[in-house]
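Coordinates in review
For reference, the chains in residue letters:
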Amino acid sequence: MEPVLSARQVFKTYGRGRKRVEALKGVSFDVLPGTVTGLIGPNGAGKSTLIKSALGFFGVTSGELQLLGNEPGSPHSLKRLGYLPENPSFPQYLSGREFLTYAARLHGLPGRSASEKVDELLDEVGILHAADRRVRSYSKGMAQRLGLAQAMIASPDLLILDEPMSGLDPLGRAQVKAMLRRRQDDGTSIIFCSHILDDVERLCEDLIMLAGGEVRHQGNVNDVLLDRGQGWETLIRCASLADLLAPIDWTAAGD
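Attention in this report is confined to the structure presented alongside it. Just so we're clear, the structure is a prediction, and the values are computed from it rather than from any experiment. (Residues numbered from 1 in each chain as written. Predicted model: local features only at pLDDT ≥ 70, side-chain atom pairs only at ≥ 80, totals over all residues. Heavy atoms only, no water.)

Glancing now at the overall build of the chain. Broken down by element type, the chain carries ten helices and nine strands. Counting all 255 residues of the chain, 41% fall into the buried class. Sequence separation of 24 or more characterises 65% of the internal contacts of the chain that already satisfy a separation of 6 or more. Of the roughly 14,300 Å² that the chain leaves accessible, carbon and sulfur atoms contribute 51%. (Helix = DSSP H or I, 4+ residues; strand = E, 2+ residues; numbered from the N terminus. Buried < 20%, exposed > 50% of the residue type's maximum accessible area, 1.4 Å probe, protein only. Contact = heavy atoms within 4.5 Å. Areas by Shrake-Rupley, 256 points an atom, 1.4 Å probe, with all protein chains shown as cover.)

With that settled, consider the nonpolar core. Grouped together as the largest cluster of nonpolar side chains are 43 residues, with contacts concentrated most on Leu-146, Leu-161, Leu-180 and Phe-192. At seven residues, helix H5 (residues 140-152) tops the list of elements feeding residues into this core. With 25 residues, the next largest nonpolar core counts Leu-39, Ile-160, Ile-191 and Cys-193 among its residues. (Core = buried A, V, L, I, M, F, W, Y, C linked by side-chain atoms within 4.5 Å.)

This next bit is on the packing of H5 against helix H6 (residues 170-185). Relative orientation of the contacting elements H5 and H6 amounts to 5°, with a least axis distance of 12 Å. Comparing their axes, H6 and H5 come out roughly parallel. Seen from H5, the contacting residues are Arg-145, Leu-148 and Met-152; seen from H6, they are Gly-172, Gln-175, Val-176, Met-179 and Arg-183. Residues belonging to the contact of H5 with H6 are distributed by class as follows: four nonpolar, two polar and two charged. (Axes fitted to C-alpha atoms, helices over the stretch in contact; angles between N-to-C directions. Parallel < 35°, antiparallel > 145°, perpendicular 65-115°, else oblique. Nonpolar A, V, L, I, M, F, W, Y, C, P; charged D, E, K, R; others polar.)

Okay, the sheet that holds strand E5 (residues 81-84) next. On the basis of which strands lie adjacent, the open sheet formed by six strands has the order E5-E6-E7-E3-E8-E9 and mixed pairing. The two strands at the open ends of the sheet, each matched to only one other strand, are E5 and strand E9 (214-220). Adjacent strand axes in the sheet meet at a mean angle of 15° when their direction is disregarded. The pairing of strand E8 (residues 206-211) with E9 spans six bridges and is antiparallel. In the strand pairing of E9, Asp-206 is matched with Asn-220. Those strands touched by H6 are strand E3 (36-40), strand E6 (158-162) and strand E7 (189-193), and its axis lies near 150° from that of E7. (Pairing = 2+ DSSP bridges.)

On to the packing of aromatic side chains, then. This model, assessed by the stated rule, comprises three aromatic pairs. Centre to centre, the rings of Phe-57 and Tyr-83 are 6.1 Å apart; their planes meet at 70°, and the pair counts as edge-to-face. Of this pair, Phe-57 sits in the loop between helix H1 (47-54) and strand E4 (62-67) while Tyr-83 sits in strand E5, and the two are 26 residues apart along the sequence. Judged by its relative accessible area of 17%, Tyr-83 falls in the buried class. (Phe/Tyr/Trp six-rings, centres within 6.5 Å; stacked < 30°, edge-to-face > 60°.)

In this section: the packing of helix H3 (residues 96-106) against H5. Packed helices, taken two at a time, are described by the angle their axes make and the gap between the axes. In contact at an axis separation of 9 Å, H3 and H5 are set at 25° when each is read in the N-to-C sense. In terms of their interaxial angle, H3 and H5 are classed as roughly parallel. Relative to H5, H3 is oriented so that their crossing is right-handed. Contacts between H3 and H5 involve Gly-96, Phe-99, Leu-100 and Ala-103 from the former and Leu-146, Ala-149 and Gln-150 from the latter. For the contact of H3 with H5, the class distribution of residues is five nonpolar, two polar and no charged. (Left-handed = near helix turned anticlockwise from the far one by under 90°.)

Within this structure, the stated rule accounts for one cavity of 30 Å³ or more. Lining the largest cavity, in full, are Leu-5, Phe-29, Val-31, Leu-39, Leu-50, Ile-51, Ala-54, Ile-160, Ile-191 and Ile-208. Residue assignment for the lining of the largest cavity shows that the elements contributing at least two residues are strand E2 (21-31) and H1. (1 Å grid on protein atoms, 1.4 Å probe; cavity = no way out; pocket = protein on both sides within 12 Å on 5 of 7 lines; lining within 4 Å. Points joined across faces, edges and corners; volume = space filled by probe spheres on them.)

On to unusual backbone geometry, then. A positive phi angle, near 50°, is found at Leu-68, a position not held by glycine. Inspection of the secondary structure puts Leu-68 in the loop between E4 and helix H2 (75-78).

All chains considered together, the criterion is met by 13 salt bridges. With a closest N to O distance of 2.8 Å, Glu-124 and Arg-182 form a salt bridge. Pair noted here: Glu-124 is in helix H4 (residues 111-124) and Arg-182 is in helix H6, with a separation of 58 residues, a long-range link. With a relative accessible area of 39%, Arg-182 lands in the partly exposed category. (Salt bridge = Lys/Arg side-chain N within 4 Å of Asp/Glu carboxyl O.)

The subject of this paragraph is the side chain of Lys-177. Assignment of secondary structure puts Lys-177 in helix H6. The exposure class of Lys-177 is buried, given its relative accessible area of 12%. Non-local contacts of Lys-177, meaning those with residues more than four positions away in its chain, are made with Met-165, Asp-198, Asp-199, Arg-202 and Leu-203.

Quick look at the structure:
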């Protein structure tokens, strides 16, 4: 199977001299079609640089990136892609419906199909009731839902989502997880970038862990979680099982 995203010894350097920063240091991996792949790592790990390079926002210093079988930024790849940036921004004077209709027409959806798709997605992300309100009146969570709808407007083969749960309440998070599972069932590949490891663990099959611009772990989520390195064993001595199960009197235990 041809990877939906592949990297081969990718390096990306910013600046020169003392201001020189190596954001990516020989990154290599494959993201297979039909999978939900988590991209995780601390701040400054290189996640955003990797995503923006794959999308063609800027070039890499050396190495090779391919997105959906093409060079980054290729129109053939971009028309098959849905993308939600970490901090999405929308024209504040448009309504949610107007913005999504605009996005649909940019993707080439004809008038009636665009209208049907817009209403379908507004309903699925839970903001159909606010479809005709100006985006400036949306809360952060509502704007995030609008961004998710925008990413899915053209039924893409690949979704790249950067912190898609940001600003969502628990119900919204559950709805988005269900939405992404439905997309995977339909054959959509998903790259899920998040700092919330519980979301990654519940949603993703594969994992790419970046740190310091390098791939530190890659593979099946369960395998990575089992490979936790050094562990600890706690031995508790007590007179009987009843003593072990008895509640602790913290007032008597002191500090």
